[in-house]
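Observations on the model geometry
Letter by letter, the chains look like this.
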Amino acid sequence: MTEKQPSANASGVTVTLSLASHTNVGKTTMARTLLRREIGIVRDEANVTVFNESHVMLDAGGHTLRLWDTPGFSDTGRLLKRLKQTGNRFLSFLTQTWDRVRNKELWCSQQALINVREEADVVLYLINAVQGPGAEPFVEQEMEILGWLGKPVLVLLNQTGPPRPSTEEAAEETAWREQLSHFPIVREVLNLDAFTRCWVQENHLMEKIALCLPEAKQVPFAILRAAWNS
């Protein structure tokens, strides 16, 4: 299910963010936080989001900031094995139509990968920060999977609770940064809790997104960011 696309502006630029994570980590809740409105379905179970869902975060100066909520990765080990088996046929793997009933987990993972490949300027990858670095092996597996696509990734530490002392948050970010340092696609690790609105954290996220964008999108994003902060 996709939101109707707005009419194209000949001079306008669209900056696109894709939310990605393991299933049931809170992508749709994070999307609601970033969009500042209720969207999607939130339930405490896996693979609630089945299709890539597009939402406009902001229109300003003829430019658009777009956010995609994607299905969660699941059975990541098997997915990674399948990708390795395809080798240089990776792109053909993504275009296969999996049986949604018989293999829903691969179907959902496939949809997320298609979205990142075709739409994302920057990937926002959510981690459940309740589990410390190295506790969940699928995080590194999913980073390896996303590495095949080469898009810049900002890791968001979710479910952290209310803002804490800056030294505590910085230590947590550093631990995760070191854990994921061998993945070139990871540009930064940030605290951003989906349940606790924090303007400071959101503004920090916007700063890091700007650093990940190609030159052609820097000025349009600066206009969008100024409107976001107004």
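Everything below is about the structure printed above this text.
I will try to describe carefully the structure that is included in this document. From a predicted model like this one, the values you see are computed outputs, not experimental measurements.

1. Description of the pattern of salt bridges
One pass over the structure, following the stated rule, counts 9 salt bridges. Among the ionic pairs, R117 bridges to E118, the shortest N-O distance being 2.7 Å. The exposure class of E118 is partly exposed, given its relative accessible area of 49%. Notably, a salt bridge pairs E173 with R177, separated by 3.7 Å at the nearest N-O pair.

2. Here we look at the environment of P184
Within the element layout of this structure, P184 appears in the loop between α6 (166–179) and β6 (186–191). When the C-alpha positions of P184 and V153 are compared, they lie 9.0 Å apart, and in sequence the two are 31 residues distant.

3. Thoughts on the pairing of strand β1 (residues 14–20)
In terms of burial, β1 is a largely internal element, 6 of the 7 residues being buried. Sheet topology places β1 next to strand β3 (residues 63–69); 6 bridges connect them, and they run parallel. Bridge pairing in β3 links T16 to R66. With 4 bridges joining them, β1 and strand β4 (residues 122–128) adopt parallel strand pairing. Note that in β4 the partner of L17 across the bridge is V122.

4. Re helix α8 (residues 218–229)
In this model, α8 (12 residues) spans 16 Å end to end at C-alpha, consistent with the 16 Å of a helix rising 1.5 Å per residue. Among all positions of α8, only P220, F221, L224 and W228 are buried. On an axial view of α8, the arc spanned by its buried residues comes to 95°, and they lie on one face. Summarising the contacts, the buried residues of α8 are in contact with β1, α1 (27–35), β2 (53–60), β3 and α7 (199–212).

5. Digging into the environment of L19
By the secondary structure assignment, L19 is in strand β1. In this structure the C-alpha to C-alpha distance between L19 and V116, which are 97 residues apart in sequence, comes to 8.8 Å. Not counting residues within four places of it along the chain, the set of residues in contact with L19 comprises K27, M30, A31, L67, W68, T70, L124 and L126.

6. Quick notes on the environment of G132
Secondary-structure assignment places G132 in the loop between β4 and α5 (137–147). For G132, a relative accessible area of 31% gives the class partly exposed. Separated by 40 residues in sequence, G132 and E172 have C-alpha atoms that sit 8.5 Å apart.

7. Considerations on the sheet that holds β2
Taking strand neighbours across the sheet as the criterion, the 6 strands line up as β2-β3-β1-β4-β5-β6 in an open arrangement whose pairing is mixed. Each edge of the open sheet is held by one strand with a lone partner, namely β2 and β6. Averaged over all adjacent pairs, the angle separating strand axes in this sheet is 20°, with direction ignored. Examined bridge by bridge, β4 and strand β5 (residues 153–158) share 6 bridges and lie parallel to one another. By the bridge assignment for β5, I127 is matched with L157.

8. Thoughts on unusual backbone geometry
You will see that N24, though not glycine, has its phi angle at about 65°, which is positive. Positive phi outside glycine occurs at D75, with the angle close to 50°. Assignment of secondary structure puts D75 in the loop between β3 and α2 (76–86). A residue is classified by how much of its surface remains accessible, and D75, at 31% relative accessible area, is partly exposed.

Definitions and cut-offs
- Residue numbers run consecutively from 1 along every chain, following the written order of its sequence.
- Selection of residues for local features in this predicted model requires a pLDDT of at least 70, selection of side-chain atom pairs for listing and counting requires 80 or more, and totals for whole chains, interfaces and linings are taken over all residues.
- Only hydrogens and water are set aside; all other atoms, that is, all heavy atoms of the structure, feed into the side-chain values.
- Salt bridge criterion: a side-chain nitrogen from Lys or Arg within 4 Å of a carboxyl oxygen from Asp or Glu.
- Partly exposed describes any residue whose relative accessible area lies between the buried limit of under 20% and the exposed limit of over 50%, with all areas from a 1.4 Å probe on protein chains only and scaled to the type maximum.
- A run of H or I in DSSP becomes a helix once it reaches four residues, and a run of E becomes a strand once it reaches two; helices and strands are each numbered from the N terminus.
- Strand pairing is assigned whenever DSSP detects at least two bridges linking the two strands.
- Each helix should span, by expectation, one fewer than its residue count multiplied by 1.5 Å.
- This arc is built from the directions going out from the helix axis to the C-beta atoms.
- The contact definition used throughout considers only heavy atoms, calling two residues in contact when any of these lie within 4.5 Å.
- Axis definition: a line fitted to C-alpha atoms, limited for helices to the stretch in contact. Angles are taken between N-to-C directions and run from 0 to 180 degrees.

Honestly, it's all geometry; don't read function into it.
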